[in-house]
Amino acid sequence: MPVFICSLKCELENVSSLSVRDSVWTLDVKNGSSDETRKGVTIDADDEIDVEGSRASANLVIKFQDAIEKAHASILPTDDKKALVRSMTSEDSGEWVPFLAIEARGLEITAVHLGGDNFTLVTSGGTTFIPDLSEPDWAEYDQDHQLPVSITQLETKVEVYKKK
C-alpha cells in the first residue's frame, strides 16, 4: 500500500517549534482507479473501522461510486512512521517538512487542509500557542517575552513516499 506524506512549508518568526497535536485531518481524495474525487473528507486516527473482507481496520473507509471495493486509509502511528514525519523547528523556516503519513489502498490523497487546532506552537521565549493555520498567515504576540510571533506564506503538499 502506498504511503502519502503531507508536508508544509512556511516562514517562521520567533517560533521554536511547530508540532502536530490533533488526530483529525481534512483531506481531498481521489479514487485510485478513476477520476472520481471527494473534497473535505475527514480522517481521525482515533477511529477504527473494520475493512470488509479483511481482518484489518482503518481510520477511513470510503466507497466511490464507480469502484467495486471500498477504499481505505490509516494514519500511521508515531512508532510506525520511521522518521517519515517530524516537528518543524526554527531552522526549517522556508523548507518543506513532513508532518503526517497516511497509508492508503484504493485511493489517492490529493490535498490536506489545516484547521484551527492541528498544531502546537512554542515561541522562542517558551510560550505555547494553538495557531489557527486554516489561512496562509497567522500572527500573535508573546506578551511574556515581548516577541511578535508569526507563521506566514504557509503551503502544504502531498506526495507518495518513495523509499530511498
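Here the structure is a predicted model, which is why all the values come from computation and not from measurement. (Residues numbered from 1 in each chain as written. Predicted model: local features only at pLDDT ≥ 70, side-chain atom pairs only at ≥ 80, totals over all residues. Heavy atoms only, no water.)

Asker: Mind showing me how you'd approach a negative patch on the surface here?
Answerer: Taken together, the side chains of D117, D132, E135 and D137 define an acidic patch exposed on the protein surface. Mapped onto the fold, D132 is located in the loop between β13 (128-129) and β14 (138-142). For D132, a relative accessible area of 37% corresponds to the partly exposed category. (Patch = residues over 30% accessible without salt bridge, like charges linked within 9 Å, V, L, I, M, F, W, Y side chains within 5 Å. Areas by Shrake-Rupley, 256 points an atom, 1.4 Å probe, with all protein chains shown as cover. Salt bridge = Lys/Arg side-chain N within 4 Å of Asp/Glu carboxyl O. Lys, Arg positive; Asp, Glu negative; His and termini not counted. Charge placed at Lys NZ, Arg CZ, Asp CG, Glu CD. Helix = DSSP H or I, 4+ residues; strand = E, 2+ residues; numbered from the N terminus. Buried < 20%, exposed > 50% of the residue type's maximum accessible area, 1.4 Å probe, protein only.)

Asker: Got a minute to help me understand the environment of P98 in this structure?
Answerer: With respect to the helices, strands and loops of the structure, P98 is situated in strand β10 (residues 97-105). With 61 residues separating them along the chain, P98 and E159 place their C-alpha atoms 9.8 Å apart. When sequence neighbours within four positions are dropped, the list of residues in contact with P98 reads I5, C6, S7, L84, V85 and R86. (Contact = heavy atoms within 4.5 Å.)

Asker: Please clarify how unusual backbone geometry should be interpreted in this entry.
Answerer: Where the residue is not glycine, phi is negative for most of them; where a peptide bond is considered, it is trans in most cases. Phi angles above zero are rare outside glycine, and N14 is one such case at about 55 degrees. A positive phi angle, near 55 degrees, is found at Q153, a position not held by glycine.

Asker: Help me understand the pairing of strand β12 (residues 119-123), please; the structure alone is not making it clear to me.
Answerer: Consecutive residues of a regular strand have side chains that alternate between opposite faces of the sheet. By the alternation rule, side chains of β12 split into F119, L121 and T123, which are all buried, and T120 and V122, of which none is buried. When strand β2 (residues 15-20) meets β12, the two strands line up antiparallel, connected through five bridges. Counted as the bridge partner of V15 is T123 from β12. Bridging between β12 and β13 involves two bridges; their strand directions are antiparallel. Bridge pairing in β13 places V122 opposite T128. Taking the residues that link successive antiparallel strands as the turn, the β12-β13 hairpin has four residues, and the phi of G126 there is positive, at about 105 degrees. (Pairing = 2+ DSSP bridges.)

Asker: Help me understand the layout of surface pockets in this model?
Answerer: One water molecule sets the probe size; rolling that probe over the atoms shows where empty space is left. Taken as a whole, the largest pocket holds about 320 Å³ of empty space. Lining of the largest pocket is provided by 18 residues; of these, V51, E69, K70, A71 and H72 occupy positions nearest its centre. (1 Å grid on protein atoms, 1.4 Å probe; cavity = no way out; pocket = protein on both sides within 12 Å on 5 of 7 lines; lining within 4 Å. Points joined across faces, edges and corners; volume = space filled by probe spheres on them.)

Asker: Can you help me understand the side chain of S74 in this one?
Answerer: By the element assignment, S74 lies in strand β8 (residues 71-75). Note on S74: relative accessible area 18%, which makes it buried. Residues within four places of S74 in sequence aside, it is in contact with I43, S57, A58, N59, A101, I102 and E103.

Asker: Looking at this model, I keep getting lost on the environment of S150. Mind explaining?
Answerer: By secondary structure assignment, the location of S150 is in strand β15 (residues 147-160). S150 gets classed as buried once you look at its relative accessible area, which sits at 10%. Spatially, the C-alpha atoms of S150 and C10 are 9.8 Å apart, while their sequence positions differ by 140 residues.

Asker: Can you help me understand the sheet that holds β14 in this one?
Answerer: The strands making up a sheet associate through backbone hydrogen bonding, with each pair oriented either parallel or antiparallel. The strand order β7-β8-β10-β1-β15-β14 describes an open sheet built from six strands, whose pairing is antiparallel. Looking along the sheet, the strands with just one partner apiece sit at the ends: β7 (60-62) and β14. When strand polarity is set aside, the average angle formed by the axes of neighbouring strands in this sheet is 25 degrees. As defined by bridge partners, β14 adjoins β15 across five bridges and the pair is classed as antiparallel. Looking at the pairing, D142 lines up with L147 of β15. (Axes fitted to C-alpha atoms, helices over the stretch in contact; angles between N-to-C directions.)

Asker: Honestly, the sheet that holds strand β9 (residues 88-89) in this entry has me stumped. Any pointers?
Answerer: Read across the sheet, four strands follow the order β9-β2-β12-β13 without closing on themselves; strand pairing throughout is antiparallel. In the strand order of this sheet, the two ends are held by β9 and β13, each with one partner. The pairing of β2 with β9 spans two bridges and is classified as antiparallel. Bridged to L18 within β9 is M88.

Purely geometric stuff here, so don't read any function into it on its own.
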